[in-house]
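Structural overview for review
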Amino acid sequence: CLKKTFGEQKDDRAEELDPSEFGNLIHGALERWGAGALKDSEDADAIYEFLERRVDAQLVERFGTAIPAIVAMQGESVKRRLRHFSAVQAAHRREGWRIAAVEKKLEIVYDHTRFHGKCDRIDRNDLTGEWRVIDYKTWDSADKAAAFTKKKDGAVEWNSLQLPIYCAMLDVDAEGEFAEAKLEKISSCYCVLGKTADDVKFTEPFQGGMVSSAEAKIRELIPLIEKGIFWPPGKSGEWKWDYEDWIGPDPAETIDEEWIADQEGRLVVVESGSGTAEM
């Protein structure tokens, strides 16, 4: 854009990792470790040494030997997070958890809609026979890690359907290595790689026994999406985390009024049961 509009030849973005590249740097190192000989090590130092080498190798592959100063600083930030992770992972392994697969593609069908997913990691516990699907997150902290919130009346309000869908996907995957993975033995959690040692953790696991409640929500959302309905937005907290940087803190003030009016009209049609909203 700079080159076409202003004749600018230099792309400053090449001198700094954007958030997605920062996350990819961490994920890339963890993927190679999770598929390697040290994946089930209880030695935190050995785990970290491997991850450190992978981060350095990726930076050289991306930038060559003349790594920009800002990128080098970001690389050190990645390494700090991975050092904390190595200690947490070693303790996780001592609890019996062993890596069974990384970057595993799974799917599940609800009615006529097929969901595809790629799990960062699937663990099996040698001591209990449990299974756990783990998703790496490069959030600065674990503040937004809760998949659901329980209301005073006991009802569940879903913040994210990712973890329950992972549990359901593993349950229906009939391949030999996962044949014994059934909902009563499956859980899912995030592994948050935050800024500080306290912010690097495996979150409280979501238990497969709650999947049916999440699936009811999924089946509620599918027909709305088919009718082109994506309104109203989620709670302000979820909106802020996912969209504030590029849309703004208040969706009603930053999204086209005509589009919102169209969405509200479609909702009226659906809620009244009078027919299908036109696309």
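Keep in mind the model is a prediction, meaning the values are calculated, not measured.

Another point: helix H5 (residues 162-172). Of all the 11 residues making up H5, nine are buried; the element is thus mostly covered by neighbouring parts of the structure. Within H5 the residues assigned to the buried category are Leu 163, Pro 164, Ile 165, Tyr 166, Cys 167, Ala 168, Met 169, Leu 170 and Asp 171.

Moving on: the packing of aromatic side chains. Here a ring pair, both rings aromatic, is described through the centre-centre distance and the interplanar angle of the planes. Following the criterion strictly, the structure yields seven aromatic pairs and no others. Seen from their ring centres, Trp 131 and Phe 178 are 5.6 Å apart, and the 70° between their planes marks the pair as edge-to-face. In this pair, Trp 131 sits in strand S3 (residues 131-137) while Phe 178 sits in the loop between H5 and strand S6 (186-193), placing the two residues 47 residues apart along the sequence. Here Trp 131 falls in the buried class, since its relative accessible area comes to 3%. Seen in terms of ring centroids, Trp 231 and Trp 259 are 6.0 Å apart; in terms of plane orientation they differ by 85°. Their pairing is edge-to-face. In this pair, Trp 231 is assigned in the loop between helix H6 (211-226) and helix H7 (236-243) and Trp 259 in helix H9 (residues 257-272), connecting sequence segments 28 residues apart. Judged by its relative accessible area of 12%, Trp 231 falls in the buried class.

Next up on the list: the packing of helix H3 (residues 44-63) against helix H4 (residues 69-94). Where H3 contacts H4, the axes come no closer than 9 Å and their chain directions differ by 155°. Comparing the axis directions of H3 and H4 gives the class roughly antiparallel. In the crossing of H3 with H4, the sense of the turn from one axis to the other is right-handed. Of the residues in H4, those in contact with Ala 44, Ile 47, Tyr 48, Leu 51, Glu 52, Val 55, Asp 56, Leu 59 and Phe 63 of H3 are Val 71, Gly 75, Val 78, Lys 79, Leu 82, Arg 83, Phe 85, Ser 86, Ala 87, Gln 89 and Ala 90. Residue composition of the contact of H3 with H4, grouped by class: 13 nonpolar, three polar and four charged.

Here the focus is H3. In this model, H3 (20 residues) spans 28 Å end to end at C-alpha, consistent with the 28 Å of a helix rising 1.5 Å per residue. Looking at H3, one finds that the buried residues are Ala 46, Ile 47, Tyr 48, Leu 51, Arg 54, Val 55, Gln 58, Leu 59 and Phe 63. Residues of H3 that are buried make contact with helix H2 (19-34) and H4. With a side-chain oxygen lying 3.0 Å from the backbone nitrogen of Asp 45, the N-terminal cap of H3 falls on Asp 43. Note on H3: the residue one or two positions beyond its end, Gly 64, has a positive phi of about 80°.

One broad rule of soluble globular proteins: the nonpolar side chains tend to lie buried together. Residues Ile 122, Trp 131, Leu 170, Phe 178 and Phe 206 are the most contacted members of the largest nonpolar core, which totals 31 residues. Elements represented by at least two residues in this core include exactly strand S1 (97-110), strand S2 (113-125), S3, H5, S6 and H6. Excluding residues that lie within four positions of it along the chain, Leu 170 makes contacts with Leu 106, Ile 122, Trp 131, Val 133, Phe 178, Ala 181 and Ile 186. Among the nonpolar cores identified, the runner-up in size contains 24 residues, and Phe 22, Trp 33, Leu 82 and Cys 191 belong to it.

So, about the environment of Thr 65. Note on placement: Thr 65 falls in the loop between H3 and H4. Thr 65 gets classed as exposed once you look at its relative accessible area, which sits at 77%. A C-alpha to C-alpha distance of 26 Å links Thr 65 and Gly 36, two positions 29 residues apart in sequence.

With that settled, consider the environment of Arg 132. With respect to the secondary-structure elements, Arg 132 resides in strand S3. In this structure the C-alpha to C-alpha distance between Arg 132 and Thr 203, which are 71 residues apart in sequence, comes to 12 Å. Once you skip the residues sitting within four places of it in the chain, Arg 132 turns out to touch His 92, Trp 97, Arg 121, Ile 122, Asp 123, Ser 187, Ser 188, Cys 189 and Pro 205. In this structure the side chain of Arg 132 is engaged in a polar contact, spanning 2.8 Å, whose partner is the side chain of Ser 187.

Turning next to the pattern of salt bridges. Under the criterion given, the structure shown has 16 salt bridges. With a shortest N-O distance of 3.1 Å, Lys 137 and Asp 135 are connected by a salt bridge. Judged on exposure class, the residue Lys 137 and its partner Asp 135 are both buried. For Asp 140, the salt bridge goes to Lys 195, with nearest N and O atoms at 3.9 Å. Remark: Lys 195 occurs in the loop between S6 and strand S7 (200-202) and Asp 140 occurs in the loop between S3 and strand S4 (148-150); sequence separation between them is 55 residues. Given the relative accessible area of 53%, Lys 195 is considered exposed. Through salt bridges that share partners, Asp 40, Arg 93, Arg 98 and Asp 126 make up one connected network.

Reading the values: rules and limits
- Residues numbered from 1 in each chain as written.
- Predicted model: local features only at pLDDT ≥ 70, side-chain atom pairs only at ≥ 80, totals over all residues.
- Heavy atoms only, no water.
- Buried < 20%, exposed > 50% of the residue type's maximum accessible area, 1.4 Å probe, protein only.
- Helix = DSSP H or I, 4+ residues; strand = E, 2+ residues; numbered from the N terminus.
- Phe/Tyr/Trp six-rings, centres within 6.5 Å; stacked < 30°, edge-to-face > 60°.
- Axes fitted to C-alpha atoms, helices over the stretch in contact; angles between N-to-C directions.
- Parallel < 35°, antiparallel > 145°, perpendicular 65-115°, else oblique.
- Left-handed = near helix turned anticlockwise from the far one by under 90°.
- Contact = heavy atoms within 4.5 Å.
- Nonpolar A, V, L, I, M, F, W, Y, C, P; charged D, E, K, R; others polar.
- Expected span 1.5 Å × (residues − 1).
- Polar contact = N/O pair within 3.5 Å; in protein donor to acceptor, adjacent residues only side chain to side chain.
- Core = buried A, V, L, I, M, F, W, Y, C linked by side-chain atoms within 4.5 Å.
- Salt bridge = Lys/Arg side-chain N within 4 Å of Asp/Glu carboxyl O.

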